Amino acid sequence: MEKAATDVMEFIPGLRRYARALTGNSTEADDLVQESLCRALTRQKKGGKINNLKGYLFAILHNTHVDRAKESSRWNYNVPDEVLENLLYSPAPQPHVLALKDLGEALMQLPEEQRKTMLLVGYEGLSYKDTAVALDVPIGTVMSRLFRGRESLRQLTGRVTGATRLRKVH
């Protein structure tokens, strides 16, 4: 080992103590010491004589810590847990799956003519006129079946409409 490297080794325990005092964390302190020693070795290779090695190493450690503090204040990656929770939150799909299952079961309880009309208009997207042609019924009958079918579905799935609410109040 070179004499300079041996000289540096004797100051490492003191550098670690000072770094722990600055950072409050032994892992961060070790990183700080390592970065400081790398800087010192890089500058030593450029030449120049160091009169006070201990003071020089502690000055580099201090300046490295200051540089890190400035950098972390500029690029603050600390995000409150609530923000992360909100970003990562997605509602559970089970309620929607259960609602669709309930809707399917309620649809099967409708009379066949209402169910067919509801499926052609609501699911297949046919117009009232095209539904009337497909079922071979007047358009008024399609409208009537849709109204009754929707009301029945609302009651079967537990949804209350304004009209239903008014009837219950009076």
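Structure: above.
Residues numbered from 1 in each chain as written. Predicted model: local features only at pLDDT ≥ 70, side-chain atom pairs only at ≥ 80, totals over all residues. Heavy atoms only, no water.

**Some remarks on the packing of helix α6 (residues 94-109) against helix α9 (residues 139-157)**
Argument step 1. As a packed pair, α6 and α9 sit with axes 9 Å apart at the nearest point and diverge in direction by 130°. On the basis of the axis angle, α6 is oblique to α9. Helix-helix and strand crossings are classified by hand; for α6 and α9 the assignment is right-handed. Contact residues: Asp 102, Leu 103, Ala 106, Leu 107 and Gln 109 in α6; Leu 153, Leu 156 and Thr 157 in α9.
Argument step 2. Considering only residue class, the contact of α6 with α9 consists of 5 nonpolar, 2 polar and 1 charged. (Axes fitted to C-alpha atoms, helices over the stretch in contact; angles between N-to-C directions. Helix = DSSP H or I, 4+ residues; strand = E, 2+ residues; numbered from the N terminus. Parallel < 35°, antiparallel > 145°, perpendicular 65-115°, else oblique. Left-handed = near helix turned anticlockwise from the far one by under 90°. Contact = heavy atoms within 4.5 Å. Nonpolar A, V, L, I, M, F, W, Y, C, P; charged D, E, K, R; others polar.)

**A look at unusual backbone geometry**
Argument step 1. Unlike most non-glycine residues, Asp 136 shows phi in positive territory, near 60°.
Argument step 2. Checked against the element boundaries, Asp 136 lands in the loop between α8 (128-135) and α9.
Argument step 3. For Asp 136, a relative accessible area of 69% gives the class exposed. (Buried < 20%, exposed > 50% of the residue type's maximum accessible area, 1.4 Å probe, protein only.)

**Here's the deal with the nonpolar core**
Argument step 1. Listed in full, the 12 residues of the largest apolar core are Val 8, Phe 11, Leu 15, Ala 19, Ala 29, Leu 32, Val 33, Leu 37, Ala 40, Leu 57, Ile 60 and Leu 61.
Argument step 2. Contributions of two or more residues to this core are made by α2 (12-23), α3 (26-45) and α4 (53-74).
Argument step 3. A total of 5 residues in this core trace back to one element, the largest contributor, which is α3.
Argument step 4. In terms of nonpolar packing, the next biggest core, distinct from the first, is built from 10 residues, Leu 107, Leu 110, Val 121 and Val 142 among them. (Core = buried A, V, L, I, M, F, W, Y, C linked by side-chain atoms within 4.5 Å.)

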